[in-house]
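One-letter residues, chain by chain:
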Amino acid sequence: MTDIKCVGCGSILQTENKNEEGYIPASGLHKEEPICQRCYRLRHYNEVQELNVDSGDFLTMLNSLYETDSLIVKVIDVFDFEGSIIPSFNRIVGDKKVLAVVNKIDLFPKSTNTSRLVERAKKMLKDAGITANDTVAISALKGRNLDSLMKKISEMANGKDVYIVGTTNVGKSTLINKLLEDNTGLKNVITTSNIPGTTLGMIDIPLGDTQTLYDTPGIVVDSQISHYVNVNDLKYVSPAKEIKAKTFQLSSEQTLFIGNLARVDYTSGESNSFSVYCNHHLNVHRTKTVNASEFYDKHYNGLLAPPELEEAYLSTNFDVHEFSLDNASDILISGLTFVSVSKPAEVTVTVPKGVNVSVRSTIF
Ligand code: GDP
């Protein structure tokens, strides 16, 4: 039975160990479209089963890509550029052609200039040492710009196989389901969710008689904020619909909490506007910097929740980043938010340890 795969996530099915990937009760194994218990629960109850998945296994699987003659489609989350970078990308893809896909553009207002987003993505890739032969901006969820994506895939692949790669949560499975639905009429074949690591094995989908499209496992990167959040609470953190700014006029020595996962201290500068773009479930709370630590310890799982945290990370396990902003800038906290600051400012940002924080010139 070792070669039967779950149609939802691509794991090899097994009936022995409930806590390992691909578990299926023996009675389910002989169904026409077998699906592992984890995907079953995700689909039917939106319930998540935690698994012992080793990211080393993911990388091993991706390394087998190196041997292939194929087109690589690299999916990037427009809201989390940094978290979208696969660290060993160049080594994995070698000299294959790369099509970069900037996904989730629906998170930005319709009026946003998408060519600007594409330029930003290109710059980010270049800074990370990745060369993309072409770039396209889409929304897999809303089906925006998929025709143009398919056209580019077919031109660039020129009959070769296609591998969709990306870190977890960038929307690979959603994209493939959409492409499948458009091309075959089948709905939700692959399990998608906002839970990292939903796609566990490689899933292959025939594109024609000789060409195959592969959905690859998502690489989990350490800088993703999702490490600190209980899987069932990720829906409060990853934005699902258009993000609207919450704007605060701050004086120096004031602090903003972005939920219980980040703290932005305005240390010095004149009266300034801070616009926070994040999931609408997160409470953005202003307080005086002098009281901020005490406030956090008291309220991190109260006023500042959701998500529910296992510990008060910003007091116990954190990194501090200091920025001196000369112009209007965005502070990006990987996977959580970006904060647009309208004037020069000195700012200190505290995040759970390892989460990436960076600055760019403002996007709006
Ligand atoms: P994967 O881990 O890369 O396969 O990502 P999934 O396809 O499972 O998607 C992760 C989360 O992002 C899910 O909650 C999706 O609904 C969401 N998502 C995927 N594509 C889009 C998109 O185009 N727009 C928005 N707003 N959300 C998306």
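Look a little higher up for the structure.
Because the structure is predicted, anything quoted here is derived from the model rather than measured. (Residues numbered from 1 in each chain as written. Predicted model: local features only at pLDDT ≥ 70, side-chain atom pairs only at ≥ 80, totals over all residues. Heavy atoms only, no water.)

**Student:** Looking at this structure, I do not really get the overall build of the protein. What am I missing?
**Tutor:** A count of helical and extended segments in the protein gives 8 helices and 16 strands. Counting only residues that meet the buried cut, the protein has 53% of its 364 residues in that class. Considering only residue pairs separated by 6 or more positions, the protein has 71% of its internal contacts joining residues 24 or more positions apart. Accessible area of the protein: about 16700 Å², with a carbon and sulfur share of 45%. (Helix = DSSP H or I, 4+ residues; strand = E, 2+ residues; numbered from the N terminus. Buried < 20%, exposed > 50% of the residue type's maximum accessible area, 1.4 Å probe, protein only. Contact = heavy atoms within 4.5 Å. Areas by Shrake-Rupley, 256 points an atom, 1.4 Å probe, with all protein chains shown as cover.)

**Student:** Quick question: what am I supposed to make of the site of the ligand here?
**Tutor:** Residues in close proximity to the ligand total 20 residues, the closest being Asp 106, Asn 169, Lys 172, Ser 173 and Thr 174. Within the contact set of the ligand, an oxygen atom lies 2.9 Å away from a backbone nitrogen or oxygen of Lys 172. Within the complex, 91% of the 580 Å² of free accessible area of the ligand lies under protein. Residue composition of the shell around the ligand, by class: 5 nonpolar, 12 polar and 3 charged. (Near = heavy atom within 4 Å. Polar contact = N/O pair within 3.5 Å; in protein donor to acceptor, adjacent residues only side chain to side chain. Nonpolar A, V, L, I, M, F, W, Y, C, P; charged D, E, K, R; others polar.)

**Student:** I would appreciate a short explanation of the sheet that holds strand β12 (residues 318–325) in the present structure.
**Tutor:** As a general point, the strands of a sheet are linked pairwise by backbone hydrogen bonds and lie either parallel or antiparallel. Spatial strand order, β11-β8-β9-β15-β12: 5 strands in an open sheet with antiparallel pairing. Each edge of the open sheet carries a strand with a single partner, namely β11 (284–288) and β12. With direction set aside, neighbouring strand axes in the sheet form an average angle of 20°. Note that strand β8 (residues 254–258) and strand β9 (residues 262–268) share 5 bridges and pair antiparallel. By the bridge assignment, Ile 258 is partnered in β9 with Ala 262. Together, β8, β9 and β11 form the strand contacts of helix α7 (residues 289–299), whose direction differs from that of β11 by roughly 125°. (Pairing = 2+ DSSP bridges. Axes fitted to C-alpha atoms, helices over the stretch in contact; angles between N-to-C directions.)

**Student:** Looking at this structure, I do not really get helix α4 (residues 114–127). What am I missing?
**Tutor:** Spacing of three or four residues puts side chains on the same side of an α-helix, whose turn is 3.6 residues. Taking 1.5 Å per residue, 14 residues should reach 20 Å; α4 reaches 20 Å between its end C-alpha atoms and fits that length. For α4, the complete set of buried residues consists of Leu 117, Val 118, Arg 120, Ala 121, Met 124 and Leu 125. For α4, the buried positions fall inside an angular range of 160° around the axis, keeping them on one side. For α4, the exposed residues lying more than 90 degrees away from the buried face are Lys 123, Lys 126 and Asp 127. The inward-facing, buried residues of α4 contact β1 (70–77), β2 (98–103), β3 (134–137) and β16 (357–361). Downstream of α4 by a residue or two, Gly 129 has a phi angle that is positive, lying close to 80°. (Expected span 1.5 Å × (residues − 1). Arc of directions from axis to C-beta.)

**Student:** For this particular structure, what's the right way to read unusual backbone geometry?
**Tutor:** Note: most residues except glycine have negative phi, and most peptide bonds are trans. Ala 305 connects to Pro 306 through a cis peptide bond whose omega is 0°. One can find Pro 306 in the loop between α7 and α8 (313–316). The residue after Pro 306, namely Pro 307, is reached through a cis peptide bond having omega -5°. For Pro 307, the position within the fold is in the loop between α7 and α8. Its identity is not glycine, yet Asn 158 carries a phi of approximately 50°, on the positive side. Positive phi outside glycine occurs at Glu 253, with the angle close to 65°.

**Student:** When you look at the sheet that holds strand β10 (residues 272–278) in this model, what are you seeing that I'm missing?
**Tutor:** In space, the 5 strands of this open sheet follow the order β7-β10-β14-β13-β16, with antiparallel pairing throughout. In this open sheet, the two edge strands, each paired with only one partner strand, are β7 (245–250) and β16. In this sheet, adjacent strand axes meet at a mean angle of 20° when their direction is disregarded.

**Student:** So what exactly am I meant to see when it comes to the environment of Phe 295 here?
**Tutor:** The residue Phe 295 is located in helix α7 in this model. Along the sequence, Phe 295 and Phe 257 sit 38 residues apart, while their C-alpha atoms lie 10.0 Å from each other. Apart from residues lying up to four places away in sequence, Phe 295 is in contact with Phe 257, His 285, Leu 303 and Leu 304.

**Student:** For this particular structure, what's the right way to read the pattern of salt bridges?
**Tutor:** Opposite charge on two side chains permits them to pair, given that their charged atoms come into close proximity. Enumeration over the complete set of coordinates arrives at 10 salt bridges. Close ionic contact of Lys 353 with Asp 319 constitutes a salt bridge, the shortest N to O distance being 3.0 Å. You can see Lys 353 sitting in the loop between β15 (345–352) and β16 and its partner Asp 319 sitting in strand β12, a full 34 residues away along the chain. Residue classification places Lys 353 among the partly exposed residues on the basis of a relative accessible area of 44%. (Salt bridge = Lys/Arg side-chain N within 4 Å of Asp/Glu carboxyl O.)

**Student:** What is the right way to look at the packing of aromatic side chains in this model?
**Tutor:** Two measures describe an aromatic ring pair: the distance that separates the ring centres and the angle between the ring planes. Under the counting rule described, the total for this entry stands at 8 aromatic pairs. Considering the side-chain rings of Phe 79 and Phe 338, the 6.3 Å spacing of their centres and the 50° angle between planes classify their relative orientation as tilted. Highlighted residues: Phe 79 in the loop between β1 and α3 (89–93) and Phe 338 in strand β14 (residues 337–341), separated in sequence by 259 residues. Residue Phe 79 shares its accessibility class with Phe 338, and that shared class is buried. Seen from their ring centres, Tyr 277 and Phe 338 are 4.5 Å apart, and the 15° between their planes marks the pair as stacked. Of the two residues, Tyr 277 sits in strand β10 while Phe 338 sits in strand β14, which places them 61 residues apart along the sequence. The structure contains a cluster of three or more aromatic residues connected by ring pairs, namely Phe 79, Phe 108, Tyr 277 and Phe 338. When the ring centre of Tyr 66 is taken as reference, the NZ or CZ atom of Lys 96 above it lies at 5.3 Å. (Phe/Tyr/Trp six-rings, centres within 6.5 Å; stacked < 30°, edge-to-face > 60°. Lys NZ or Arg CZ within 6 Å of the ring centre and 35° of its normal.)

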